[in-house]
Amino acid sequence: MGNIKVKGKMQRVAIINDNRVVARAVRYSTVKKDELVSYAAQSSHIPESQLTACTLAIREAIAYFVMNGHHVDLGKFGILGARTLQKAATDAEEVNAKLVHRVSISYRPSVEIKQAIAAIRIETEV
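Scope of this entry: the structure provided in the associated data block. (Residues numbered from 1 in each chain as written. Predicted model: local features only at pLDDT ≥ 70, side-chain atom pairs only at ≥ 80, totals over all residues. Heavy atoms only, no water.)

## Remarks on the overall build of the protein
We apply this condition: Segments assigned H or I by DSSP are reported as helices when at least four residues long, segments assigned E as strands when at least two residues long, and all are numbered from the N terminus. Here, residues are in contact when the closest pair of their heavy atoms is within 4.5 Å. Using a 1.4 Å probe, the Shrake-Rupley method yields the accessible areas, and only the shown protein chains count as cover for residues. Only four residue types enter the tally: Lys and Arg on the positive side, Asp and Glu on the negative side, with His and both chain ends excluded. Just so you know, the charge point we use is NZ for Lys, CZ for Arg, CG for Asp and CD for Glu.
In terms of helices and strands, the protein carries three helices and six strands. Along the longest, intermediate and shortest principal axes, the C-alpha atoms of the protein span 60 × 55 × 25 Å. Nonlocal contacts in the protein, meaning residues at least 24 apart in sequence, comprise 35% of its contacts between residues at least 6 apart. Total accessible area on the protein is roughly 10,700 Å²; 58% of this is exposed by carbon and sulfur atoms. Placing the 18 positive and 12 negative side-chain charges of the protein at their respective mean positions leaves the two points 8 Å apart.

## Regarding the sheet that holds strand S5 (residues 100-109)
Backbone-to-backbone hydrogen bonds join strands into a sheet, with any given pair of strands oriented parallel or antiparallel. Where we set the bar: When DSSP finds at least two bridges between two strands, those strands are taken to pair.
If you walk across this open sheet you meet the three strands as S3-S4-S5, and the pairing is antiparallel. Because the sheet does not close on itself, it has two edges, and the strands there are strand S3 (72-73) and S5. Sheet topology note: the S3/strand S4 (residues 78-86) ladder contains two bridges and is antiparallel. Residue pairing for S4: aspartate 73 is matched across the bridge by isoleucine 79.

## Notes on the packing of aromatic side chains
Test applied: Two rings belonging to Phe, Tyr or Trp (six-membered ring only in the last case) form a pair when the distance between their centres is within 6.5 Å. Interplanar angles under 30 degrees mark stacking, angles over 60 mark edge-to-face geometry, and anything in between is tilted. Working definition: with a 1.4 Å probe on protein chains only, accessible area under 20% of the residue-type maximum means buried, over 50% means exposed, and in between means partly exposed.
Here the structure, examined in full by the defined rule, presents two aromatic pairs. Measuring from ring centre to ring centre gives 5.2 Å for tyrosine 64 and phenylalanine 65, while their planes differ by 75°; the resulting arrangement is edge-to-face. For tyrosine 64, a relative accessible area of 54% translates into the label exposed. When its relative accessible area of 39% is taken as the criterion, phenylalanine 65 is described as partly exposed. Seen from their ring centres, phenylalanine 77 and tyrosine 107 are 5.2 Å apart, and the 40° between their planes marks the pair as tilted. In this pair, phenylalanine 77 is assigned in the loop between S3 and S4 and tyrosine 107 in strand S5, connecting sequence segments 30 residues apart.

## Observations regarding the side chain of serine 106
Topologically, serine 106 is positioned in strand S5. Taking the relative accessible area as the measure of exposure, serine 106 reaches 18% and is therefore buried. Filtering out sequence-adjacent residues up to four positions away, serine 106 remains in contact with His71, Ile79, Leu80, Gly81 and Arg83.

## Considerations on the sheet that holds strand S2 (residues 18-25)
Threshold: Angles here are taken between N-to-C directions and fall from 0 to 180 degrees, while the axes themselves are lines fitted to C-alpha atoms, restricted in helices to the stretch in contact.
The three strands are arranged S2-S1-S6 in an open sheet whose pairing can be described as mixed. The open sheet has two edge strands, S2 and strand S6 (121-124), and neither has a second partner. Here the average twist between neighbouring strands, direction ignored, is 35°. Sheet topology note: the strand S1 (residues 3-13)/S2 ladder contains eight bridges and is antiparallel. For valine 6, the partnering residue across the bridge sits in S2 and is alanine 25.

## With respect to the environment of lysine 98
By the element assignment, lysine 98 lies in the loop between S4 and S5. Look at lysine 98 and you get exposed, because its relative accessible area is 78%.

As structure tokens, this is what we get:
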């Protein structure tokens, strides 16, 4: 089960034009890829060098497939894919690449991740 701490911060809320205390999640440090590999190596009893090579290969494969229009199912983690935002055309002959004005990465969490998020305990930091 996860645990997230929140604390209040006074700020102006533009829509009501008033100052209010807004709850914000406390952000911890960013876990670097080396720390992640080290943790996984200890948990799996696989040498870090092998795990690093595997991680790099998996990252490369995910990037290759996503950048070529595929969605990648990451099992319990969810699905990654490319998403486009484009203008509509009135005629099929007007459709071309210039209609696409944004490409981004989409992430859809798995059922397991959604359930884990729903079970996160939220505490107030003093």
